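Remarks on the overall topology
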Amino acid sequence: MDAYDRITRNASEVVTEDEVRTLAESPDGKRAYVGYEPSGVLHIGHMLTATKLIDLQEAGFEVTVLLADVHAYLNDKGTFEEIRQTAERMKEQFIAYGLDEEQTEFVLGSEFQFDREYTLDLHALELNTSMSRAERAMSEIKSGETVKVSQAVYPLMQALDIVYLDVDLAIGGMEQRKVHMLARDTLPSIGEDSPTCLHTPLIADLGSGVGKMSSSKGVTISMEDSTEDIEQKVNSAYCPPTADPEPDDEGNDRENPVLQIFEYHVFPRFETVVVERPEKYGGNLEYDDYESLAADLESGELHPADAKGALANYLDELVAPGREKIRQATQ
RNA sequence: CCGCUCUUAGCUCAGCCUGGCAGAGCAGCCGACUGUAGAUCGGCUUGCCCCCCGUUCAAAUCGGGGAGAGCGGACCA
């Protein structure tokens, strides 16, 4: 796999393709970053962008993980003390998940976001941004039902972080795209370049296949889950024998979350996937890539129940090291 | 600073006028049927009715005070 393919594997969009191609020409030493609001427990949404960071490290990038304590504070996620305590635990879980400790720089937002120069640049961006634009950028991210002024500042700081962390490629889930587009539009107003961005897909709701999996409501998978939790959650997941399900009765588009997790979480981390299957149903199956597994599910060769069993096993393997970290931390 | 509206189950809301066991839809959970899930059937759960005080035999409902949210207006030498 060449550098460009490795960088863009499983991305739902890059902005812009030309800019990423330029980066891919000499990826060594290029810098990428993702920012996370510290939440204490790493869940499958974090894991998706983390997998992308691992791709980038393998392509030669230096990776920075921003533990965005100030952002979490501005987004009404708790007191500063609470947030900073969870940040440290989150860092350990990222390493347990597979980020290379040597190649990954963890930065706390509060380490540089209170600097005088940063603050002045922030005010300059505020002057160049309308309330409605900032609010729109936050529509997929904000917590609570009331828009706070702090939440209008939030996306502008995210734009500035890209400058201050000297980032060549900004990574985020698709829910971050409006923030990144705001950054591209507004950073030139203070004499900075528009950042290059890469967005990862969002996994559909595990139970229904409709909309986006959410950690706040509905079912998610996290490093807190036991093997039994994972088996139970995967087993009750929506999984028709196709990658392209019909819309539901209300006309909502549906995805197959089981296949999505194979595609975005399992195959990027495992060379081959073995589906254990009773002799009665034809014995074990082995896959080297997502496409052949999806094709077998589509044809009926692979039954969803067997696919789920395999998915639970591999997910458990991905979660196990982080689970162990949590276990140690709570003793 | 003034005025108006809203607050009831996880969600959207009805009930309030005219006081009398706390409701519906959706969601969720459990079974049946499918070698998964979903769909379909059958069953079940869910509450600080925003808070405090008062009236009353009895308050989600009436009165007073307060909080939160939404909207409008005024002030602007």
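Here the residue index of a chain counts from 1 through its sequence in written order. Whichever chain is written first becomes A and whichever ligand is written first becomes 1, with later ones labelled in order. Per-residue local features of the predicted model are confined to residues with pLDDT of at least 70, and side-chain atom pairs are confined, for both listing and counting, to 80 or more; whole-chain, interface and lining totals are unaffected and use all residues. Processing note: side-chain calculations cover all non-hydrogen atoms of the structure and skip hydrogens and water entirely.

**Digging into the side chain of N256**
Note on conventions: DSSP H or I runs of at least 4 residues are helices, E runs of at least 2 residues are strands, and numbering of each starts at the N terminus. Relative to the elements of secondary structure, N256 occurs in the loop between α10 (227-235) and α11 (257-266). Pairs of N or O atoms are called polar contacts if they sit within 3.5 Å, as long as, within protein, a hydrogen donor faces a hydrogen acceptor (for residues adjacent in sequence, only side-chain-to-side-chain pairs). Among the polar contacts listed, one links the side chain of N256 to the backbone oxygen of P240, at a separation of 2.9 Å. Among the polar contacts made by the side chain of N256, one reaches the main-chain amide nitrogen of V258 at a distance of 3.0 Å. Residue contacts are defined here by distance: any two heavy atoms, one from each residue, within 4.5 Å place the two residues in contact. Residues within four places of N256 in sequence aside, it is in contact with Y238, C239, P240, T242, A243, P245 and L297.

**Here's the deal with the domain arrangement of chain A**
Residue ranges assigned to the domains are those given by an automatic or database domain assignment. When cut into domains, chain A gives domain 1 (3-200) and domain 2 (227-329). Between the C-alpha centres of domain 1 and domain 2 the distance comes to 29 Å. Of the residues lining the interface, twelve residues belong to domain 1; the matching set on domain 2 comes to 13 residues. Every case where a carboxyl oxygen of Asp or Glu lies within 4 Å of a side-chain nitrogen of Lys or Arg is listed as a salt bridge. Across the contact surface, domain 1 and domain 2 share zero salt bridges. Counting the contacts that link domain 1 with domain 2 gives three residue pairs in polar contact (both at pLDDT 80 or more). Those elements that place two or more of their residues in the side of domain 1 that touches domain 2 are α3 (44-58) and α5 (80-97).

**Things to note about the layout of surface pockets**
Put plainly, a pocket is an open set of points on a 1 Å grid over the protein atoms alone with protein on both sides within 12 Å along at least five of seven lines, a cavity is a set where a 1.4 Å probe fits but cannot get out, and a lining residue has an atom within 4 Å of a point. Grid points are joined across faces, edges and corners, and a volume is the space filled by probe spheres set on the points. By volume, the second largest pocket is sized at about 330 Å³. Elements with a contribution of two residues or more to the lining of the second largest pocket: α3 and α12 (290-299). When residues are grouped by polarity, Ala, Val, Leu, Ile, Met, Phe, Trp, Tyr, Cys and Pro land in nonpolar, Asp, Glu, Lys and Arg in charged, and all others, Gly among them, in polar. Residue composition of the lining of the second largest pocket, grouped by class: six nonpolar, one polar and nine charged. Two domains each provide a minimum of three residues to the lining of the second largest pocket, namely domain 1 (3-200) and domain 2 (227-329).

**Regarding the pairing of strand β2 (residues 31-36)**
Working definition: with a 1.4 Å probe on protein chains only, accessible area under 20% of the residue-type maximum means buried, over 50% means exposed, and in between means partly exposed. Counting buried residues along β2, five of its six residues qualify, which places the element largely inside the surrounding structure. Here six bridges tie β2 to strand β3 (residues 62-67), and the two strands are oriented parallel to one another. Looking at β3, one finds that R31 is bridged to E62. Any two strands between which DSSP finds at least two bridges are classified as paired.

**With respect to a negative patch on the surface**
Residues forming no salt bridge and having over 30% relative accessible area are the ones grouped into patches, like charges within 9 Å of each other and nonpolar side chains (Val, Leu, Ile, Met, Phe, Trp, Tyr) within 5 Å. Note on areas: Shrake-Rupley, 1.4 Å probe, and residue coverage restricted to the protein chains presented here. In this charge count, Lys and Arg are treated as positive and Asp and Glu as negative; neither His nor the chain ends contribute. For this purpose, a charge sits on NZ of Lys, CZ of Arg, CG of Asp or CD of Glu. Residues D244, E246, D253, E255 and E298 make up a contiguous surface patch of negative charge. With respect to the helices and strands, E255 occurs in the loop between α10 and α11. Assessed through its relative accessible area of 35%, E255 is described here as partly exposed.

**A word on the packing of helix α8 (residues 149-164) against helix α9 (residues 177-186)**
Simply put, an axis is a line fit to the C-alpha atoms, just over the touching stretch for a helix, and the angle between two N-to-C directions goes from 0 to 180 degrees. Where α8 meets α9, the axes come as close as 9 Å, and the angle between the chain directions of the two elements is 65°. The handedness of the crossing between α8 and α9 comes out as right-handed. In this structure, α8 uses P155, L156, Q158, A159 and I162 to contact α9, whose residues at the interface are V179, H180, L182 and A183. Across the contact of α8 with α9, the residue classes tally to seven nonpolar, two polar and no charged. Each crossing gets its handedness from the near helix: less than a right angle anticlockwise from the far helix is left-handed, clockwise is right-handed.

**With respect to the protein's contact with RNA strand B**
The immediate surroundings of RNA strand B are formed by 15 residues, with N235, A237, C239, D306 and K308 found nearest. Expressed as a percentage, the sugar and phosphate content of the atoms of RNA strand B within 4 Å of the protein is 45%. Note that a sugar or linking oxygen of RNA strand B is positioned 2.7 Å from one of the backbone N or O atoms of A237. At four residues, the largest contribution of residues to the surface near RNA strand B is made by helix α13 (residues 304-329). Proximity is defined per residue: any heavy atom of the residue falling within 4 Å of a molecule or strand makes that residue near it.

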